[in-house]
Every structure is written in C-alpha cells, then in structure tokens.
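Listed below are the residues making up each chain.
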Amino acid sequence: MKLSETEFFRQFVAVVSGLFLLVMTYAFIQIPLSLSPQAGYTGTALMASLAG
C-alpha cells in the first residue's frame, strides 16, 4: 500500500490545505489594512474604496 492511498494522507493533505487557505485569507485582509495610509481605516471602508 502506498502512503498516498491511505486515509491518513488524505486527511493530512486536507488539514495542511485548510491551514494554508486560512493563512492566505488572513494575509489578504491584513496586509492591505497595514499598508493603508489612514490610521482609522476599517476593513469595510477599504472594501468600499476598492469597489469604486
């Protein structure tokens, strides 16, 4: 039996993928907020300004 055919491997890949997506989501939100010029900028205001 190959390691890639085991249930452990599938669950391990799912957990690692989920953590990666969680970190990328946090970075996608946090980095623009930290780079914004105004100190009182909120996430909602940032999204509104990006929308137009």
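For the structure, check the block above.
Residues numbered from 1 in each chain as written. Predicted model: local features only at pLDDT ≥ 70, side-chain atom pairs only at ≥ 80, totals over all residues. Heavy atoms only, no water.

**Some thoughts on the overall build of the chain**
- Each helix and strand counted, the chain has 2 helices and 0 strands in total.
- For the chain, the proportion of its 52 residues judged to be buried stands at 6%.
- As presented, the chain carries roughly 4,600 Å² of accessible surface, and 72% of it is formed by carbon and sulfur atoms. (Helix = DSSP H or I, 4+ residues; strand = E, 2+ residues; numbered from the N terminus. Buried < 20%, exposed > 50% of the residue type's maximum accessible area, 1.4 Å probe, protein only. Areas by Shrake-Rupley, 256 points an atom, 1.4 Å probe, with all protein chains shown as cover.)

**Let's talk about a nonpolar patch on the surface**
- A cluster of nonpolar residues, L3, F8, F12, V13 and V16, forms a patch on the protein surface that exposes about 490 Å² of accessible area.
- One can find L3 in the segment before helix 1 (7-35). (Patch = residues over 30% accessible without salt bridge, like charges linked within 9 Å, V, L, I, M, F, W, Y side chains within 5 Å. Salt bridge = Lys/Arg side-chain N within 4 Å of Asp/Glu carboxyl O.)

**Notes on the packing of aromatic side chains**
- Inspection of every chain in the model, using the stated rule, returns 1 aromatic pair.
- Judged by centre distance (6.0 Å) and plane angle (25°), the ring pair of F8 and F12 falls under stacked. Placement of the pair is F8 and F12 together in helix 1, with a separation of 4 residues, close to one helical turn.
- Taking relative accessible area as the criterion, F12 reaches 46% and is therefore assigned partly exposed. (Phe/Tyr/Trp six-rings, centres within 6.5 Å; stacked < 30°, edge-to-face > 60°.)

**Some points on the environment of T25**
- The residue T25 is located in helix 1 in this model.
- A distance of 2.7 Å separates a polar atom in the side chain of T25 from the backbone oxygen of L21. (Polar contact = N/O pair within 3.5 Å; in protein donor to acceptor, adjacent residues only side chain to side chain.)

Remember that the coordinates give geometry; whether it matters functionally is a separate question.
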